[in-house]
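Take a look at the letters that make up each chain.
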Amino acid sequence: MSSGDSFYITTPIFYPSDVPHIGHGYTEVAADVLARWHRQAGDDTWMLTGTDEHGQKMLRTAAAGGMTPGEWADRLVEESWIPLLDTLDIANDDFIRTTQKRHEDGVQAFVSKLHDDGFIYTGEYEGYYCVGCEEYKQQSELVEGTGPFEGQLVCAIHSKPVELLQERNYFFRMSDFQERLLALYEERPDFVQPESARNEVVQFVKQGLSDLSISRSSFDWGIPIPWDEKHILYVWFDALLNYATAAGYGQDDENFTRRWPAVHIVGKDILRFHAVIWPAMLMAAGVEVPKHVFAHGWLLVGGEKMSKSKLTGIAPEQITEVFGSDAFRYYFLRAIAFGQDGSFSWEDLSARYQAELANGFGNLASRVVAMITRYFDGVVPAETAPTDADLAIRATVTKAAIDADAAMERFAPHEAIAAIWTIVDELNGYITEQEPWVLAKDEAQRERLGTVLYTAAEGLRALATLLSPVLPKATTTLWDALGAAPALGALAEQPLRDAGRWGQLAAGATVTKLAGLFPRIEDPTPAAAPARVTA
Ligand code: MSP
């Protein structure tokens, strides 16, 4: 991608029927790291997240809590979903709620257009529905229940009984789009990623598409169908449109043209909605399909998808209160290959925090700053006559920056972080080999000592920039400690695709003491944690 391109990235919008768990946090953080990367690279970036507030799940949860769904959503959004962004240090540009007027107006304009153009008709729906998924289910997608649900058919994801629906409602002619969708997957093999997700979608569409029931009349918590107000729109049809309405569809053409099409980051459980239904809706409306749909895997507990309804949810604050938001961001993106499932464990989180963040990166930064303070009164020395060892560090930095950008472009943040970490590892080895504390004892080695510490400090400058999308807090502290801002400007202004260019940190910059970026944690496993993790 060249600098200045539009990069509009979205998370799924979350059901605020319940509070967030770390699975939701994972999606937010992944989208945020990609957004921050592109923003800092100079792309015209916009990150959208939000809440999906209509549908039966919301209606029922609110009723169980003795509130209207609107009151319930207001409370959860304000008390839990907006604060989540702060907990995880998410730099989103917009937050859409599907109960906002801008969304409802845009949705009604869209569905009216489809109706006027003949893509919607009335029909009779009879079939199963899972309220947990808010999804119509085929018999083949259901499994035999166990325990209290023995003898009943249950949803394979929620393990709860499905409901039999029989309603007269409106249908969207999705079947018309089977061939065009298959052509899309064929012509643009990177439309659905990763490859396994693409294959699943292609197989699914090849089996044939049915038309989609898009309205409900047995309850009224939703967006009314403009030409028949006894019906409300099916919650997914409404929800998918958030990506368009937030960017100004039907209301602000200039902004919509600037942002659209989007890159969607979604969990694999909602892949078909995004890779089949959504592009078909857009094709019907004559709007460009998304740039990419990337399906990430699940955080598993005991081999199953972590979920609040199965009582396996861990609240994001349980992790951030102990380890901090940077560690949360780093851990999930580094430890899990993006696109695959991963099992969370406190032990693994704690081990990586200690080995990689505290000992690997944090110690490196404090030692280098401390040595510049001790041997050069805090003034970054100039480099002279670089040796092979110094040139090897330069080469590592250049390669890491190129590899990391390429990895972010292909939605592989785990590979990007691994590429950047070669700088941490190489620099640690370099300092051990160069032994600046030995050079410091010999006045004749003064220039050499200066070159070694410049090389280390300049390596840290590159690390601060390259890691800032993942570790925004620690890298800001490091940037201040390096005294980089007076000559180079704020960290957020450092062009990311130029981070690998050697020699940017000015000799003569003044460093300031750096307290541990990642302090030692005495009791890494919160006492409450085990009780929350049991399935
Ligand atoms: N409201 C819909 C999305 C509409 S988008 C137009 C929805 N909401 S959700 O709150 O149930 O899930 C939101 C996202 O969280 C999904 O991408 C889902 O995959 C993700 N996760 C929920 N549990 C998860 C894990 N245990 N692990 C990883 N992601 C998980 O679906």
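Before reading further, recall that the structure is shown in the block above.
For the structure given in this document, a descriptive report is provided here.

## Topic: the site of the ligand
Around the ligand, the structure places 25 residues, and the nearest of them are I13, D52, G267, D269 and L299. The separation between a nitrogen atom of the ligand and a polar main-chain atom of I13 is 2.8 Å. Within the contact set of the ligand, an oxygen atom lies 3.2 Å away from a backbone nitrogen or oxygen of Y15. Within the complex, the protein chains bury 96% of what would otherwise be the 670 Å² of accessible surface of the ligand.

## Details of the sheet that holds strand 18 (residues 342-343)
Strand order in the open sheet made by the three strands is 17-16-18, with mixed pairing throughout. Only two strands of the sheet have a single partner each, and these edge strands are strand 17 (304-305) and strand 18. Here strand 16 (residues 299-301) runs beside strand 18; their pairing, made up of two bridges, is parallel. Across the sheet, residue L299 finds its bridge partner in strand 18, namely G342.

## Let's talk about the nonpolar core
Core analysis: the largest hydrophobic core is formed by 113 residues, its most contacted members being F332 and F361. No other element matches helix 13 (residues 346-376), which puts 14 residues into this core. The contacts of F361, once residues within four sequence positions are left out, are E356, W421, V424, L463, L467, L471, L478, L517 and F518. Residues V131, Y185, L233 and A295 belong to the second largest nonpolar core, which totals 70 residues.

## Focus: the pairing of strand 8 (residues 163-172)
When strand 4 (residues 120-130) meets strand 8, the two strands line up antiparallel, connected through 10 bridges. Looking across to strand 8, one finds that G127 is bridged to L165. Pairing of strand 8 with strand 10 (residues 212-213) involves two bridges; the strand directions are antiparallel. Across the sheet, the residue bridging to F172 is L212, located in strand 10.

## A look at the pattern of salt bridges
Summed over all chains, the structure comprises 34 salt bridges. Notably, a salt bridge pairs R334 with E356, separated by 3.9 Å at the nearest N-O pair. Of this pair, R334 sits in helix 12 (residues 325-335) while E356 sits in helix 13, and the two are 22 residues apart along the sequence. Notably, a salt bridge pairs D498 with R501, separated by 2.9 Å at the nearest N-O pair. On the accessibility criterion, R501 (46% relative accessible area) is partly exposed. Salt bridges here are not isolated pairs; linked through shared partners, they connect D32, R36, D89, R329 and K473.

## Description of the sheet that holds strand 14 (residues 263-267)
Sheet architecture is open: six strands sit in the order 3-2-1-14-15-9, paired in parallel fashion. Taken across any chain shown, the strands that pair with only one partner, and hence form the sheet edges, are strand 3 (94-97) and strand 9 (192-193). Pairing of strand 9 with strand 15 (residues 292-296) involves two bridges; the strand directions are parallel. Bridging from a neighbouring strand, V192 pairs with V293 of strand 15.

## Concerning the packing of helix 12 against helix 15 (residues 413-434)
The interhelical angle for the contact between helix 12 and helix 15, taken along N-to-C directions, is 105 degrees, at an axis separation of 7 Å. Comparing the axis directions of helix 12 and helix 15 gives the class roughly perpendicular. Contacts between helix 12 and helix 15 pair Y330, L333 and R334 from the former with P413, H414, I417, A418 and W421 from the latter. Counted by class, the contact of helix 12 with helix 15 contains six nonpolar, one polar and one charged residues.

## A look at the environment of Y185
With respect to the secondary-structure elements, Y185 resides in helix 5 (residues 178-187). What makes Y185 buried here is its relative accessible area of 1%. Separated by 90 residues in the primary sequence, Y185 and A275 place their C-alpha atoms 9.3 Å from one another. If we ignore the near neighbours within four places in the chain, the residues touching Y185 are F191, V192, R198, V201, V202, V205, A275 and V276. For Y185, the side chain forms a polar contact with the main-chain oxygen of A275, separated by 2.7 Å.

About the criteria used
Residues numbered from 1 in each chain as written. Predicted model: local features only at pLDDT ≥ 70, side-chain atom pairs only at ≥ 80, totals over all residues. Heavy atoms only, no water. Near = heavy atom within 4 Å. Polar contact = N/O pair within 3.5 Å; in protein donor to acceptor, adjacent residues only side chain to side chain. Areas by Shrake-Rupley, 256 points an atom, 1.4 Å probe, with all protein chains shown as cover. Pairing = 2+ DSSP bridges. Helix = DSSP H or I, 4+ residues; strand = E, 2+ residues; numbered from the N terminus. Core = buried A, V, L, I, M, F, W, Y, C linked by side-chain atoms within 4.5 Å. Buried < 20%, exposed > 50% of the residue type's maximum accessible area, 1.4 Å probe, protein only. Contact = heavy atoms within 4.5 Å. Salt bridge = Lys/Arg side-chain N within 4 Å of Asp/Glu carboxyl O. Axes fitted to C-alpha atoms, helices over the stretch in contact; angles between N-to-C directions. Parallel < 35°, antiparallel > 145°, perpendicular 65-115°, else oblique. Nonpolar A, V, L, I, M, F, W, Y, C, P; charged D, E, K, R; others polar.

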